[in-house]
Amino acid sequence: MSGIGYAALGAAILVVVLALAIRVVRQYERGVLFRLGKVIGVREPGLRLIIPVVDVLQRVTLRTVTMPIQSQGIITRDNVSIDVAGVAYFHVVDPVKSVVAIESVTTAIDQIAQTTLRNVVGQHTLDQTLSETDAINANIREILDRTTTEWGIVVTLVELKDIQLPESMKRAMARQAEAEREKRAKIIAAEGEAAAAAALGQASDTMMEHPLALQLRNLQSLVEIGVDKNTTVVFPAPLMSTIADLGAFLRRESVAAEAQRGPSLAPLAGDGELRHEPAAMPR
């Protein structure tokens, strides 16, 4: 083989060796370097060289991972069967532990999350599960975080994503909500009646102190009736008695005026007619 052939062969071997020796660690990754099966250290982002065949560089992502928690059939503390699904967020804080301490981080967290979700929700009643989701989420996250700390993982957030109820329970809750709305409606109506009665009592006290206020209110009612151009006019009984009193007052005034002008006029008993009485002659 000529010298050119050896040079070409050496260049090819060099290219293969460099291809095996050069590794690129991205910004969101860390590289865990194993040499002959032993952890040597963690490699930062950038271009890294390893010894082919001897070294193995395993990349670990530090980005937050979104992991759905499969729907679980759970029986609550008050014996109601529900299906609950959730979602968990976690990220790696110790690349060495996440590679050495656990075989598959995602699978392990998925299984422990399902078990923890079932245990925590099963300790609560249905009403607590529906109304205290924040406390349940915090409890699940705390349990997961204690377990995954040994794996170099931090669970940042756990949320209950979906809660499925049986159809019979949905109908019962709908009836309960409807009854609650009817109760509030009746309470509001009763409070309105009480307020109206109190206002009417104050109005009646004011009218007792000022009798003319009642007459003005009656006249206002007649004006409102007249707006509709009705052919029938209804006079309230107090207004009729007022008109009768006014007529009697006018008759008394008329009799007094006639008595001052001349012969006295006296009403006849029974029929209300007036009769003349001769005036006394001066002696």
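Here the structure is a predicted model, which is why all the values come from computation and not from measurement.

Draft legend 1. Local environment of the confidence of the model for the protein chain. Of all residues in the protein chain, 81% have pLDDT values of 70 or greater, and the mean over the chain is 80. The element-level mean pLDDT for the protein chain is lowest in strand β10 (residues 274–276), coming to 45, with strand β7 (residues 81–92) highest at 92. The model gives residues 264–283 a pLDDT under 50, and that stretch makes 19 contacts with residues more than four places away or in other chains.

Draft legend 2. Quick peek at unusual backbone geometry. Although it is not a glycine, L36 sits at a positive phi angle of roughly 55°. The topology assignment puts L36 in the loop between β2 (29–35) and β3 (38–43). Although it is not a glycine, N79 sits at a positive phi angle of roughly 65°.

Draft legend 3. Local environment of helix α3 (residues 105–122). Under the 1.5 Å per step criterion, the end-to-end length of α3 is 26 Å for 18 residues, consistent within 8% with the ideal 26 Å. Residues of α3 that are buried: V105, A108, I109, D110, A113, Q114, T116, L117, V120 and V121. Packed against the buried residues of α3 are β6 (65–75), β7, α2 (95–100), α4 (126–131), α5 (133–148) and β8 (153–164).

Draft legend 4. Broad picture of the packing of aromatic side chains. Scanning all chains against the criterion turns up 0 aromatic pairs. The ring of Y28 has R63 sitting right over it, with the charged end atom 3.8 Å from the ring centre.

Draft legend 5. Summary view of the sheet that holds strand β5 (residues 55–61). Judged by pairing direction, the sheet is antiparallel, and its 3 strands sit side by side in the order β3-β2-β5 without closing on themselves. Lying at the two open borders of the sheet, with one neighbouring strand each, are β3 and β5. Within the sheet, the average angular offset between the axes of one strand and its neighbour, ignoring direction, is 25°. Alignment of β2 against β3, held across 5 bridges, turns out to be antiparallel. Bridging across to β3, R35 finds its partner in K38.

Draft legend 6. Inspection of the nonpolar core at higher detail. Counting 31 residues, the largest nonpolar core has I82, L117 and I140 as its most contacted members. Looking at this core, the elements with two or more residues in it are β2, β6, β7, α3, α5 and β8. Broken down by element, the residue count for this core peaks at 7 residues, all from α3. Once residues within four sequence positions are removed from consideration, I140 is found in contact with T116, L117, V120, V158 and L160.

Cut-offs used in this document
- Residues numbered from 1 in each chain as written.
- Predicted model: local features only at pLDDT ≥ 70, side-chain atom pairs only at ≥ 80, totals over all residues.
- Heavy atoms only, no water.
- pLDDT = per-residue confidence, 0-100.
- Helix = DSSP H or I, 4+ residues; strand = E, 2+ residues; numbered from the N terminus.
- Contact = heavy atoms within 4.5 Å.
- Expected span 1.5 Å × (residues − 1).
- Buried < 20%, exposed > 50% of the residue type's maximum accessible area, 1.4 Å probe, protein only.
- Phe/Tyr/Trp six-rings, centres within 6.5 Å; stacked < 30°, edge-to-face > 60°.
- Lys NZ or Arg CZ within 6 Å of the ring centre and 35° of its normal.
- Pairing = 2+ DSSP bridges.
- Axes fitted to C-alpha atoms, helices over the stretch in contact; angles between N-to-C directions.
- Core = buried A, V, L, I, M, F, W, Y, C linked by side-chain atoms within 4.5 Å.

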